[in-house]
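# Survey of secondary and tertiary structure
Listed below, chain by chain, are the residues.
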Amino acid sequence: MYEKDIIIAPISALQGGSINMLRLSGEGAVECADAFFSRDLINAPGGRFYFGHLQNKNRIIDDVIVYIFRAPHSFTGEDVVEISCHGNFFITEEILNTFIDAGCRLAEPGEFSRRAFLNSKMDLLQAEAVADLIAAKNKSAVKNSLKQLHGGLSHSIQSIKEKLIHLASMVELDIDFSEEEIDIIPYDEIRKEIEVLTDDLKRLINTYHTGKNFTSSSEVLLLGKPNVGKSSLMNALINRERVIVSGQPGTTRDHIHEDILIHDHLVRLIDSAGIRRKAEAIEKAGVKRSVQLIEDAVLILLVVDLSQPADSDDSIVFEQLKKHHHKIRIIGNKKDLSVHPDMLSTLEKYFTGIPVIQVSAREKENIDVIHDTIGAYLRTHTEDHEHIITNARHHRLLKQCVTQLEQTREAVEQQLGPEFLSVDFRTAINYLAELTGDVTTDDILNHIFSNFCIGK
Ligand SMILES: Nc1nc2c(ncn2[C@@H]2O[C@H](COP(=O)(O)OP(=O)(O)OP(=O)(O)O)[C@@H](O)[C@H]2O)c(=O)[nH]1
Ligand SMILES: [Mg+2]
């Protein structure tokens, strides 16, 4: 258990809004608020607003609205008081100090959510969804976090866990009956069920690539040999002259990024140093980084100069991108000049079936087609999953569970005894229990909730 002292923290942004909010939670929170409020709160029913003013030693601090939640009907499961005051930093600070002088304690990061978890108002996956929801960087991320907050992911994990418990109990039953020498382990049936569950878990694990972009912007990389117009395209896409453009190949030496909103997705557009064989020393460092950026990018916009035949520098880029087919869109720039057929045929050879989007950065032609392409790509990569894993902790535990189940499947194939299988199943089950917070330690909780911000 934990000490149910009264904690307090601002729960809205401290500056810029017309209203600020603070929350008190803990045993005696209502009585504590009552001591400074102009109206009686001791006998006030929960689930209601009360308008009045906060005062300290007969001096009015502010006109406020107080909302009371009586335990257990609150976010934390404790008595909670939420105070809305005018959106001024000094007022908020004074209210905070007044309650701290009266014995309340400033909440630690994530402490409200931690109490909600400890009071079984939500499991660990749901508590973490609160932080993800606030940090969500696109509409799909918001949708996914809401689903997780409402228990969608927990439900899927619980269902897999229950099936594993069922398998464990099948082999454990055999331990009980072993002296009577009744062979009741249906090895084949268990192996098949393990394979189905492993596939379900792997599908979840594979969504992590998408999920990582839910709490940070999606990296879209402009890549190509020098002078094809990557920086010009970057400027056209963000609609301002952000990057230097020149006819001198090797103008961009290091990558430059800019965050923009494309079709409800927060996109980090990255302009990179042109890749070529004869790069100068500084440029080489930029080129090396471009190679790393290829690995990290969600989507690569391969830029070519349509007016020229493909040369050996183009080939270096094409070769490098061969194994990234799945995340490439081709932008044929400078369509205002002539279109060289050799470029199109070489592209078709390297990237069969990927269409070339013909544009002109200089004339601002078809830039909207690139926006639409990025938007459509990100949409298909975020919306065709039931649940998306966004969190490194979840990813690690799911992978550990799968590794364990793969070992268990081998043990089943070798028809090992029930004692061995039982231990294997229990280990796999434990990983899922850690995921939902059914088994946990203070250290794990400290780690998780310290990554929240104060007020959550
Ligand atoms: N005709 C024409 N010229 C273009 C177009 N886009 C870019 N350019 C010109 O191509 C040259 C190179 O443009 P940049 O945008 O600097 O090319 P880059 O790919 O960023 O080059 P590096 O930074 O050296 O790798 C400049 O002279 C641009 O004005 C276009 O659509 N049409
Ligand atoms: Mg450039």
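Preceding this section is the structure that the text describes.
Report follows, based on the coordinates. Counting starts from 1 at the beginning of each chain's written sequence and moves along it residue by residue. By the order in which they are written, chains take letters starting at A while ligands take numbers starting at 1. The predicted origin of the model limits local features to residues at a pLDDT of at least 70 and limits the giving and counting of side-chain atom pairs to 80 or more, whereas totals for whole chains, interfaces and linings rest on all residues. For the side-chain quantities, the full set of heavy atoms in the structure was used; hydrogens and water were omitted.

So, about the site of ligand 1. What surrounds ligand 1 is a group of 23 residues, the closest being K230, S232, G250, T251 and T252. In protein, a polar contact requires one atom able to donate a hydrogen and another able to accept it; more generally it is a pair of N or O atoms within 3.5 Å, and residues adjacent in sequence count only if both atoms are side-chain atoms. Between ligand 1 and G274 there is a distance of 3.3 Å, counted from an oxygen atom to a backbone nitrogen or oxygen. All accessibility values rest on the Shrake-Rupley procedure with a 1.4 Å probe; residue burial counts only the protein chains present in the view. Protein chains shield 92% of the accessible area of ligand 1, which is 650 Å² for the free molecule. Strands here mean DSSP runs of E at least two residues long; helices mean DSSP runs of H or I at least four residues long; both are numbered from the N terminus. If you tally residues by element for the shell around ligand 1, the top one is helix 9 (residues 230-238), at three residues. We call a residue near a molecule or strand whenever a single non-hydrogen atom of that residue lies within 4 Å of it.

Let's shift gears to the side chain of N144. With respect to the helices and strands, N144 occurs in helix 5 (residues 139-149). In this structure the side chain of N144 is engaged in a polar contact, spanning 3.0 Å, whose partner is the backbone oxygen of I388. Residues count as neighbours in contact if any of their non-hydrogen atoms are within 4.5 Å of one another. Apart from residues no more than four positions distant in its own chain, N144 is found in contact with F214, H387, I388 and T390.

Our focus in this paragraph is the nonpolar core. Buried residues of nine kinds, namely Ala, Val, Leu, Ile, Met, Phe, Trp, Tyr and Cys, make up a nonpolar core once their side-chain atoms join them within 4.5 Å. Any residue under 20% of the maximum accessible area for its type is buried, any over 50% is exposed, and the rest in between are partly exposed; the area is computed with a 1.4 Å probe on protein chains only. One finds L164, I190, L398 and L432 to be the most contacted residues of the largest nonpolar core, which totals 32 residues. Going through the elements one at a time, helix 6 (152-177), helix 7 (187-206), helix 14 (392-413) and helix 15 (418-436) are the ones with two or more residues in this core. The greatest single-element share of this core, amounting to eight residues, is contributed by helix 6. Apart from residues no more than four positions distant in its own chain, I190 is found in contact with L167, M170, V171, I185, V412 and F425.

Before going further, it helps to spend a moment on the pattern of salt bridges. Any carboxyl oxygen of Asp or Glu that lies within 4 Å of a side-chain nitrogen of Lys or Arg is treated as forming a salt bridge with it. Enumeration over the complete set of coordinates arrives at 28 salt bridges. Across the pair D200 and R203 runs a salt bridge whose closest N-O atoms are separated by 2.7 Å. Here the residue D200 and the residue R203 both occupy positions in helix 7, the gap between them amounting to three residues, near one helical turn. What makes D200 partly exposed here is its relative accessible area of 24%. On the accessibility criterion, R203 (53% relative accessible area) is exposed. Across the pair R242 and E258 runs a salt bridge, and its minimum N-O distance is 2.6 Å.

Moving on, we come to the packing of helix 11 (residues 312-321) against helix 12 (residues 341-350). Angular values range over 0 to 180 degrees, each being the angle between N-to-C directions of two axes fitted as lines to C-alpha atoms, with helices fitted over their stretch in contact. The geometry of helix 11 relative to helix 12 is characterised by a closest axis approach of 11 Å and an angle of 25 degrees between their N-to-C directions. As summarised for this structure, helix 11 and helix 12 are arranged roughly parallel, according to the angle between their axes. In the crossing of helix 11 with helix 12, the sense of the turn from one axis to the other is right-handed. Between helix 11, through D314, S315, F318 and E319, and helix 12, the contact on the second element is made entirely by M343, T346, L347 and Y350. Residue classes in the contact of helix 11 with helix 12 are distributed as four nonpolar, two polar and two charged. Orientation is classified from the angle alone, with under 35 degrees giving roughly parallel, over 145 giving roughly antiparallel, 65 to 115 giving roughly perpendicular, and any other angle giving oblique. Each crossing gets its handedness from the near helix: less than a right angle anticlockwise from the far helix is left-handed, clockwise is right-handed. Three classes are used: nonpolar for Ala, Val, Leu, Ile, Met, Phe, Trp, Tyr, Cys and Pro, charged for Asp, Glu, Lys and Arg, and polar for all others, with Gly counted as polar.

As for its position among the elements, S74 is in the loop between strand 4 (59-69) and strand 5 (80-86). Given a relative accessible area of 8%, S74 falls into the buried group. At 2.9 Å, the side chain of S74 forms a polar contact with the backbone nitrogen of G77. A distance of 2.5 Å separates a polar atom in the side chain of S74 from the backbone oxygen of E78. S74 has contacts with F69, V80 and K121, leaving out every residue within four places of it along the chain.

Our working definition of a disulfide is a cysteine sulfur pair at a distance within 2.5 Å. Considering all chains together, one arrives at zero disulfides under this definition. The thiol of C85 is not disulfide-bonded; the next cysteine sulfur, from C104, is found 15 Å away.

Running from N to C, helix 3 (residues 111-118) and helix 16 (residues 442-450) cross one another at 140 degrees; their axes reach a closest spacing of 10 Å. On the basis of the axis angle, helix 3 is oblique to helix 16. Between helix 3 and helix 16 lies a crossing of right-handed hand. Only D442, L445, N446 and F449 of helix 16 make contact with helix 3, whose side of the interface consists of S113, R114, F117 and L118. Each residue belonging to the contact of helix 3 with helix 16 can be placed in one class, and the counts come to four nonpolar, two polar and two charged.

Read these as layout, nothing more, since geometry by itself doesn't imply function.
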